[in-house]
Amino acid sequence: MSTRRTRPAPRPPEGTPPRTELARQARAVLADAVRIAHWAAGAPAPGSAAPLATQALERAATALELSPSQVRAGWDRARLAGLIELHGDTARPGWRLRAWDRDDSAVLRGWVALFDAWSLVHAAPEGIEAGAVAEAVEAVPQVLSLLQLSAGPVAVPALLDLLAQRIAELQEERCEVPYGAGRSAAESAPAPTGRPAPAPERSADLDALLLDWALEGLAAVGALTLGNGHATLTPLGNWAVWVKLEQICVAAQSPAGNIEQSAADMLLGCARLTPGPARAEYRAWLAARTVGSAVAELLAVARGEDALLRGLAFEALRVVGAPAEPEVRAVVTNPSLRPYALLWLAEYEGADPDDAQEILSREEATWLWVDTAAAVADHGETGLLVRHLDSAVQGTVPALLDEVRAVGHPRTVQVLVALAAAHPDPALAKAVRRAAFQVHTGGA
């Protein structure tokens, strides 16, 4: 058992409204998005609204008494908040929509997803290089931290100075040339000495334009309010920034330093955590990487021999969500990953986790039972392995042994030997040992 002390649950800053009030505010921000999501879920032709074609846009505007621009904005928010999920060309109601009226946690998670996507809600100004926009997005958390620590209005010039400073730090860390206005070919060419030419100063007007865009985008999702020359976090925005800072602190205080570890070491570091803290660790680890590289690394671990890491890798992929779908769907043909991938896809498409097992064939369920037993045998306690018998779909031990022998899992012998050694019933243990011997020798 782990002897690590658990970190006491942090308390939000003084003056933070209770979660019920925060959820009420989040519901208000997403009210139009929820209406549109319900309309799409009840549309005569399910899926006809994806990707909100002109005809569907007009029908929604008429039915909801909204302008087309309001419908389009609400549709985008519904997608970003997880109220609507797109599966190819088909739109389906997300699980958060079903829980919206009764689950404050689902509401707050939906709003935080929208908050994280603020740069998609509010289009960046035209004519600005994508790299400059990306730098501004990467620097905004520093701006939000200042707003949160200030606990009140902050003058825009102070925010502008901080944004410019953070962008300069990011460029220095990457050894990149800042984006300058009107750079000529001569300015971009290497110096005659072979060393890079001095970087032109970044345009203050560009930083100001990007800051205005960022503040307007954050205001559009309800994270802050804009006054005459200043910005102030809303209670929702203040709470969200505090939560993210706490997540960073938790990851930084992890004994294994999970945020900096490989996928395998990170998953092992999370193995003893309960689901909530484990998901927070997964999110911190994922946030430090590009989605593509993180998904590839997790699936590489899942293909390995450690069954515990295989299961945990798919738990981390559940946190990734939609961006992982193509890669997960691609591994369905891999026999060792197929049951995990099928369950992941079923839950992603809206199935209740308790019911998702029903999509597995008998053979796939048996293979998964052996794989999970291998994880328990390698990393768990003997009592857990005995209790794992109850989760088998066969219902009786003889039927389970017959199907386990036939399924061809590479760890079958080790699992049966460990189960025989752990089980307190001598007769059952003997039957399991006999089955292990038959698998080992290839007998019937």
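Our structure is the block above this text.
Residues numbered from 1 in each chain as written. Predicted model: local features only at pLDDT ≥ 70, side-chain atom pairs only at ≥ 80, totals over all residues. Heavy atoms only, no water.

Visitor: So what about a positive patch on the surface? Which residues, and what values?
Guide: Residues Arg19, Arg109, Arg279 and Arg283 make up a contiguous surface patch of positive charge. Relative to the helices and strands, Arg109 is located in helix α6 (residues 104–116). (Patch = residues over 30% accessible without salt bridge, like charges linked within 9 Å, V, L, I, M, F, W, Y side chains within 5 Å. Areas by Shrake-Rupley, 256 points an atom, 1.4 Å probe, with all protein chains shown as cover. Salt bridge = Lys/Arg side-chain N within 4 Å of Asp/Glu carboxyl O. Lys, Arg positive; Asp, Glu negative; His and termini not counted. Charge placed at Lys NZ, Arg CZ, Asp CG, Glu CD. Helix = DSSP H or I, 4+ residues; strand = E, 2+ residues; numbered from the N terminus.)

Visitor: Mind laying out the sheet that holds strand β4 (residues 224–226), listing which residues take part and the relevant values?
Guide: Overall, antiparallel pairing links the three strands, which are arranged β3-β5-β4 in an open sheet. The open sheet has two edge strands with one neighbour each: β3 (154–155) and β4. Two strands pair when backbone bridges link them, and β3 and strand β5 (residues 230–233) are joined in this way by two bridges, in the antiparallel orientation. Considered in β5, the bridge of Ala155 is made with His230. Relative to β5, helix α8 (residues 130–150) is tilted by about 75°, and along the sheet it contacts β3, β4 and β5. Sheet strands in contact with helix α11 (residues 204–220) are β4 and β5, and its direction is about 125° off that of β4. (Pairing = 2+ DSSP bridges. Contact = heavy atoms within 4.5 Å. Axes fitted to C-alpha atoms, helices over the stretch in contact; angles between N-to-C directions.)

Visitor: How would you summarise the packing of helix α13 (residues 263–270) against helix α15 (residues 291–302) if you had to cite specific residues and measurements?
Guide: Their axes nearest at 9 Å, the elements α13 and α15 cross at an angle of 75°. One finds that α13 runs roughly perpendicular with respect to α15. Counting all contacts with α13, which are made through Ala263, Ala264, Met266 and Leu267, the residues of α15 involved are Glu297, Leu298 and Val301. (Parallel < 35°, antiparallel > 145°, perpendicular 65-115°, else oblique.)

Visitor: Quick rundown of the pairing of β5? Include the residues and the values.
Guide: Relative to β5, β4 runs antiparallel, the two being bridged by three bridges. Looking at β5, one finds that Thr225 is bridged to Thr232.

Visitor: Can you tell me about the packing of helix α16 (residues 307–320) against helix α18 (residues 338–348), naming the residues and giving the values?
Guide: Helix packing geometry: the angle between the two helix axes and the distance between the axes. As a packed pair, α16 and α18 sit with axes 11 Å apart at the nearest point and diverge in direction by 20°. One finds that α16 runs roughly parallel with respect to α18. You can see that α16 and α18 cross each other, and the crossing is right-handed. Contacts from Ala307, Arg310, Gly311, Phe314, Leu317 and Arg318 in α16 reach Tyr340, Ala341, Leu343, Trp344 and Glu347 in α18. (Left-handed = near helix turned anticlockwise from the far one by under 90°.)

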